[in-house]
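What follows is each chain in one-letter form.
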Amino acid sequence: MIRNILGSVVALAGAASAVLSPFRDWYGGRAGQDYRVADLFEGITPAESGVLVSILLPFLGAALLVVLGVVLRSRLVVALAGLVVLGFTILWMVRQGQAAGSLVVGGDGAGLQVGVVNALAGGVLMLIGALLMTGRRGRRERERKPVEPFAVPAADQVDTWPPTQEPGMSVQTSPWPEPEVDPYTGPDPRGPRDARTRSYPQVAPHPEDDPRDPVHPPHRPPPPPQG
């Protein structure tokens, strides 16, 4: 969010610099609005130009692209606007160098002047703004659900946290009390119930549970007399 805001401010500043540049002197005391767009493709002429058909026209289009890119948070649109400004400025420099024989930078107004600097700086600021912006996240990224780092333990397993298998607080909370577990882990006194516990020793019943009389044990009745 912060990068989008910062990139938008830088890009808008570049658009403002590019739009203002045709109203300043470009070369030899001649303002940028005096150069026609057609001169950039056919050659520089001394003919005067109207504002709407001057080099201001592509710069206005680039400024509109920057505004559109900021609204849509599109880095591609903002970068395209910066390339348009730099492309037309460099094309003008090529045509002006062909017309004058060479390009010079003079402080007395005989060479390149501040208007060209404003145009170049505006294009560079647009590109920097596009690099600073993060853009809009794709639909898949917005709909992507967060992945749980660790699975929730099953209801019949001991809750452990963190995942070092050490007892700790449960990741699940319930208003109902947890069931108590019988601490006895030995063999079932009633006998083995499956194949895994057949080898366990059997526990003899307690004497008090024996239905027989321990004092007078049962005896067999005498055999009948043989006649």
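For the structure, check the block above.
Everything numeric here is computed off the predicted structure, so don't read it as measured data.

## Comments concerning the overall build of the protein chain
Argument step 1. When helices and strands are counted, the protein chain shows six helices and two strands.
Argument step 2. Scanning the protein chain from its N terminus toward the C terminus, one meets helices and strands in the order α-β-β-α-α-α-α-α.
Argument step 3. Among the 227 residues that make up the protein chain, the fraction classed as buried is 29%.
Argument step 4. Within the protein chain, contacts between residues separated by at least 24 positions form 63% of all contacts whose residues are at least 6 apart in sequence.

## Here's the deal with the packing of helix H1 (residues 2-20) against helix H3 (residues 56-72)
Argument step 1. Close contact between H1 and H3 brings their axes to 9 Å; oriented N to C, the two are set at 165°. When the interaxial angle is binned, H1 and H3 end up roughly antiparallel. Note that H1 runs across H3; the crossing there is left-handed. Contacts from Ser-8, Ala-11, Leu-12, Ala-15, Ala-18 and Val-19 of H1 reach H3 at Leu-56, Phe-59, Leu-60, Ala-63, Val-66, Val-67 and Val-70.

## A short note on the packing of aromatic side chains
Argument step 1. Going through the model one piece at a time under the given rule, you end up with four aromatic pairs.
Argument step 2. A ring pair is formed by Tyr-27 and Trp-92, whose centres lie 6.4 Å apart and whose planes are at 65°; its orientation type is edge-to-face. Here the residue Tyr-27 occupies a position in strand E1 (residues 25-27), and Trp-92 occupies one in helix H4 (residues 75-100), the gap between them amounting to 65 residues.
Argument step 3. The class for Trp-92 is buried, based on a relative accessible area of 0%.
Argument step 4. An aromatic cluster of three or more residues is present, and its members are Trp-26, Tyr-27, Tyr-35, Phe-59 and Trp-92.
Argument step 5. Above the face of the Tyr-35 ring, Arg-30 is positioned so that its terminal group lies 4.3 Å from the ring centre.

## Description of the nonpolar core
Argument step 1. Membership of the largest hydrophobic core comes to 28 residues, with the highest contact counts inside it found for Trp-26, Phe-59, Trp-92 and Met-126.
Argument step 2. Among the elements that take part in this core, H4 stands out by supplying six residues, more than any other.
Argument step 3. What Met-126 contacts, discounting residues up to four positions off in sequence, is Ala-11, Gly-14, Ala-15, Ala-18, Val-66, Val-78, Ala-81, Gly-82 and Val-85.

## Brief notes about unusual backbone geometry
Argument step 1. Of note in this structure, Arg-73 is not a glycine but carries a positive phi near 55°.
Argument step 2. Here Arg-73 lies in the loop between H3 and H4.
Argument step 3. Assessed through its relative accessible area of 38%, Arg-73 is described here as partly exposed.

## Comments concerning the side chain of Ser-8
Argument step 1. Within the secondary structure layout, Ser-8 lies in helix H1.
Argument step 2. Overall, the relative accessible area of 11% leaves Ser-8 in the buried class.
Argument step 3. If we ignore the near neighbours within four places in the chain, the residues touching Ser-8 are Val-70 and Met-133.

## Some remarks on the environment of Leu-40
Argument step 1. Looking at the secondary structure, you find Leu-40 in helix H2 (residues 39-42).
Argument step 2. Taking relative accessible area as the criterion, Leu-40 reaches 0% and is therefore assigned buried.
Argument step 3. Put simply, Leu-40 and Val-94 are 54 residues apart on the chain and 8.6 Å apart in space, counted from C-alpha to C-alpha.
Argument step 4. Contact partners of Leu-40, with chain neighbours within four places excluded, come to Ile-55, Phe-88, Leu-91, Trp-92 and Arg-95.

## Describing a nonpolar patch on the surface
Argument step 1. Together, Leu-12, Val-67, Leu-68, Val-71 and Leu-72 make up a nonpolar patch on the protein surface, roughly 430 Å² of accessible area in all.
Argument step 2. Among the secondary structure elements, Leu-68 is positioned in helix H3.

## Concerning the packing of H1 against helix H5 (residues 114-132)
Argument step 1. The interhelical angle for the contact between H1 and H5, taken along N-to-C directions, is 165°, at an axis separation of 7 Å. In terms of orientation, H1 and H5 fall into the roughly antiparallel class. Crossing handedness for the pair H1 and H5: left-handed. In contact with Arg-3, Leu-6, Gly-7, Val-10, Ala-11, Ala-13, Gly-14, Ala-15, Ser-17 and Ala-18 of H1, H5 contributes Asn-118, Gly-122, Leu-125, Met-126, Ile-128, Gly-129, Leu-131 and Leu-132.
Argument step 2. Per-class residue counts for the contact of H1 with H5 are eleven nonpolar, six polar and one charged.

How each quantity is defined
For every chain, the first residue of the written sequence is number 1, and numbering continues from 1 onward in sequence order. Local features in this predicted model are restricted to residues whose pLDDT is 70 or higher, and side-chain atom pairs enter the listing and the counts only when it is 80 or higher, whereas totals over whole chains, interfaces and linings include all residues. Side-chain figures throughout are based on the complete set of non-hydrogen atoms in the structure, without hydrogens or water. Secondary structure counts use DSSP, requiring at least four H or I residues in a row for a helix and at least two E residues in a row for a strand, with both numbered from the N terminus. Burial here depends on accessible area, computed with a 1.4 Å probe over protein chains only, as a share of the maximum for the residue type. Under 20% is buried, over 50% is exposed, and the range in between is partly exposed. Two residues qualify as a contact provided that any one of their heavy atoms is within 4.5 Å of a heavy atom in the partner residue. Every angle, taken between N-to-C directions, lies between 0 and 180 degrees, and every axis is a line fitted to C-alpha atoms, over only the stretch in contact when it is a helix. If an angle is under 35 degrees, it is roughly parallel; if it is over 145, roughly antiparallel; if it lies from 65 to 115, roughly perpendicular; otherwise it is oblique. Take the far helix as the reference: if the near one is turned anticlockwise from it by less than a right angle, the crossing is left-handed, and if turned clockwise, right-handed. Two rings from Phe, Tyr or Trp (for Trp, the six-membered ring) form a pair when their centres sit within 6.5 Å of each other. Planes less than 30 degrees apart are called stacked, planes more than 60 degrees apart edge-to-face, and all others tilted. The criterion is that NZ of a Lys, or CZ of an Arg, lies within 6 Å of the ring centre and within 35 degrees of the ring normal, and then a charge sits over that ring. To qualify as a nonpolar core, a set must consist of buried Ala, Val, Leu, Ile, Met, Phe, Trp, Tyr and Cys residues joined through side-chain atoms within 4.5 Å. Patch membership requires more than 30% relative accessible area and the absence of a salt bridge. Residues of like charge join within 9 Å; the nonpolar side chains Val, Leu, Ile, Met, Phe, Trp and Tyr join within 5 Å. Only the protein chains shown count as covering a residue, and every accessible area follows the Shrake-Rupley method with a 1.4 Å probe. By convention in these notes, a salt bridge is any Lys or Arg side-chain nitrogen within 4 Å of a carboxyl oxygen on Asp or Glu. When residues are sorted by character, Ala, Val, Leu, Ile, Met, Phe, Trp, Tyr, Cys and Pro go into the nonpolar class, Asp, Glu, Lys and Arg into the charged class, and all the rest, Gly among them, into the polar class.

Purely geometric stuff here, so don't read any function into it on its own.
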